[in-house]
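What the coordinates show
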Amino acid sequence: MLDTLTVVGLLALGLVVAVLASAVEIVGPYEKRALTVFGEYRGLLGPGLNLIPPLVSRTHTFDMRTQTLDVPEQEAITEDNSPVTADAVIYIRVMDAEKAYLQVENYEKAVSDLAQTTLRAVVGDMELDETLRQQKEINSRIHRELDRPTDDWGVRVEAVEVQSVMPTPTVVSAMEQQTAAERRRRAMILEAQGERRSAIETARGEKAANVIRAQGEKQSQILEAQGDSISTVLGAKSAESMGERAVIDKGLETLDAIGQGDSTSFVLPQELTSMVGRYGKHLTGSDVAGDGRSLDSLDFDAETEELLGLDDVEEMLSPEDGEGDGVNFDETDFDEADETTERAPEYSTSE
């Protein structure tokens, strides 16, 4: 009899413990739980200790923290008919546990399926180059497309990150060939430009060398012609300055020949007697007084100086248009000629 009572007591105690346990619901700090009694929704249980009707109540837990959903890799065709594969990660958070419980059966699966569809649609509306370089645009478009339906489910999409968009191996191979061809084209263009610049610089150098060479030849010819002109003029001036002396010498020889003849009467030209008189006035020890004009060599007149170009030799030798290095012609080169002229014998002349 005791054994039966003991068993009944233990069963009753177990039942009481079970009832009390089912009447207590402990909710975590980051959770909310939807409560139903006999299948009827009664509300949400907040964090802490909650008392609920025992044995007839059920709860469904919602994690209120940000959750990560991995969108499986999706195959899509871009607007320019290039097949690609893409995958993404979505960050969601339950904002209204009641809607998440009542409006959608499984909000995680619903958001994941919607993200897959949206990812294929967004990639299909873009060209291949855009999908490869505008991933931020893909993220923002998927985010906008997910916002409205997920709001009705009490879920907020906090961020969308496309992890990769990869063309198929065939497209990748074609892209690599295109990139290689583009690099070869750029290399050829750069090489051609380098050769062109080199040819231009070489031509400019040859042009400058030809100009300098021609300028030097020009200056050499000018100096040679100038020297010939100076030599000719100096010879002419020397001959002119020695003219009267030559006449006098010839006249004296004639007088000497006449004096050796038998005749006692002589007829002399007036010019000869005039020059002999001028010459005699300047002889050493002459007793003939007078201030006759000496028989100096003649100075260069204005016409001769202009012919020689003594006043503007540097201007004549200066390069035209400022090209090349001019040759400085020093007028002291004519000093010896002038000194030679000044050292010519002096002869006296009478008016």
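Attention here is on the structure that accompanies the text. (Residues numbered from 1 in each chain as written. Predicted model: local features only at pLDDT ≥ 70, side-chain atom pairs only at ≥ 80, totals over all residues. Heavy atoms only, no water.)

This next bit is on a nonpolar patch on the surface. Together, Val24, Ile26, Leu49 and Leu51 make up an exposed nonpolar region whose accessible area comes to about 440 Å². Locating Val24 in the fold gives a position in strand β1 (residues 24-27). (Patch = residues over 30% accessible without salt bridge, like charges linked within 9 Å, V, L, I, M, F, W, Y side chains within 5 Å. Areas by Shrake-Rupley, 256 points an atom, 1.4 Å probe, with all protein chains shown as cover. Salt bridge = Lys/Arg side-chain N within 4 Å of Asp/Glu carboxyl O. Helix = DSSP H or I, 4+ residues; strand = E, 2+ residues; numbered from the N terminus.)

Turning next to the sheet that holds strand β2 (residues 31-37). Pairing is antiparallel across the open sheet formed by 3 strands, whose spatial order is β3-β2-β5. Every interior strand has two partners, whereas the edge strands, β3 (40-45) and β5 (57-63), have only one. Each adjacent strand pair in this sheet contributes to an overall mean axis angle of 25 degrees, direction not counted. Bridging between β2 and β3 involves 5 bridges; their strand directions are antiparallel. Paired with Leu35 across the two strands is Gly43, which belongs to β3. (Pairing = 2+ DSSP bridges. Axes fitted to C-alpha atoms, helices over the stretch in contact; angles between N-to-C directions.)

Turning next to the packing of aromatic side chains. Enumeration over the complete set of coordinates arrives at 3 aromatic pairs. Judged by centre distance (6.2 Å) and plane angle (85 degrees), the ring pair of Phe62 and Tyr101 falls under edge-to-face. In this pair, Phe62 is assigned in strand β5 and Tyr101 in helix α2 (residues 97-102), connecting sequence segments 39 residues apart. What links up through ring pairs into an aromatic cluster is the set Tyr41, Phe62, Tyr101 and Tyr107. (Phe/Tyr/Trp six-rings, centres within 6.5 Å; stacked < 30°, edge-to-face > 60°.)

Before going further, it helps to spend a moment on the nonpolar core. In terms of nonpolar packing, the biggest core is built from 34 residues, with Ile90, Ile92, Tyr107, Leu119, Ile138 and Ile142 touching the most fellow members. When residues of this core are traced back to their parent elements, those giving at least two are β6 (67-77), β7 (83-94), α2, α3 (107-124), α5 (135-152) and β8 (155-167). Looking at which element gives the most residues to this core, the answer is α3, with 7 residues. In this structure, Leu119 is in contact with Val71, Gln74, Ala86, Asp87, Ile138, Ile142 and Val162, ignoring residues within four places of it in sequence. Val27, Leu35, Val37 and Leu45 belong to the second-largest nonpolar core, a separate cluster that totals 5 residues. (Core = buried A, V, L, I, M, F, W, Y, C linked by side-chain atoms within 4.5 Å. Buried < 20%, exposed > 50% of the residue type's maximum accessible area, 1.4 Å probe, protein only. Contact = heavy atoms within 4.5 Å.)

The next thing to look at is the side chain of Arg33. By the element assignment, Arg33 lies in strand β2. For Arg33, the side chain forms a polar contact with the main-chain oxygen of Ile26, separated by 3.3 Å. With sequence-adjacent residues up to four places away left out, Arg33 is seen in contact with Glu25, Ile26, Val27, Gly43, Leu44, Leu45, Thr59, His60 and Thr61. (Polar contact = N/O pair within 3.5 Å; in protein donor to acceptor, adjacent residues only side chain to side chain.)

Bringing the sheet that holds β8 into the picture now. Read from one edge to the other, the open sheet built from 3 strands follows the order β6-β7-β8, with strand pairing classed as antiparallel. With partners counted over all chains shown, the strands left at the sheet margins are β6 and β8, one partner each. With direction set aside, neighbouring strand axes in the sheet form an average angle of 20 degrees. Here 9 bridges tie β6 to β7, and the two strands are oriented antiparallel to one another. Bridge pairing in β7 places Glu75 opposite Thr85. Sitting on the sheet, α3 is in contact with β6, β7 and β8, with an inclination near 35 degrees to β6. Packed onto the sheet, α5 meets β7 and β8 and runs at close to 145 degrees relative to β8.

On to the pattern of salt bridges, then. The final tally for this structure, using the stated rule, is 10 salt bridges. In this structure, Asp113 and Lys109 form a salt bridge, with 2.9 Å as the shortest nitrogen-oxygen distance. Placement of both Asp113 and Lys109 in helix α3 is noted, with a separation of 4 residues, approximately one turn of the helix. Look at Lys109 and you get exposed, because its relative accessible area is 52%. Salt-bridge contacts for Glu182 lead to Arg186; the nearest nitrogen and oxygen are separated by 3.3 Å. Pair noted here: Glu182 and Arg186 are both in helix α6 (residues 169-241), with a separation of 4 residues, about one helical turn.

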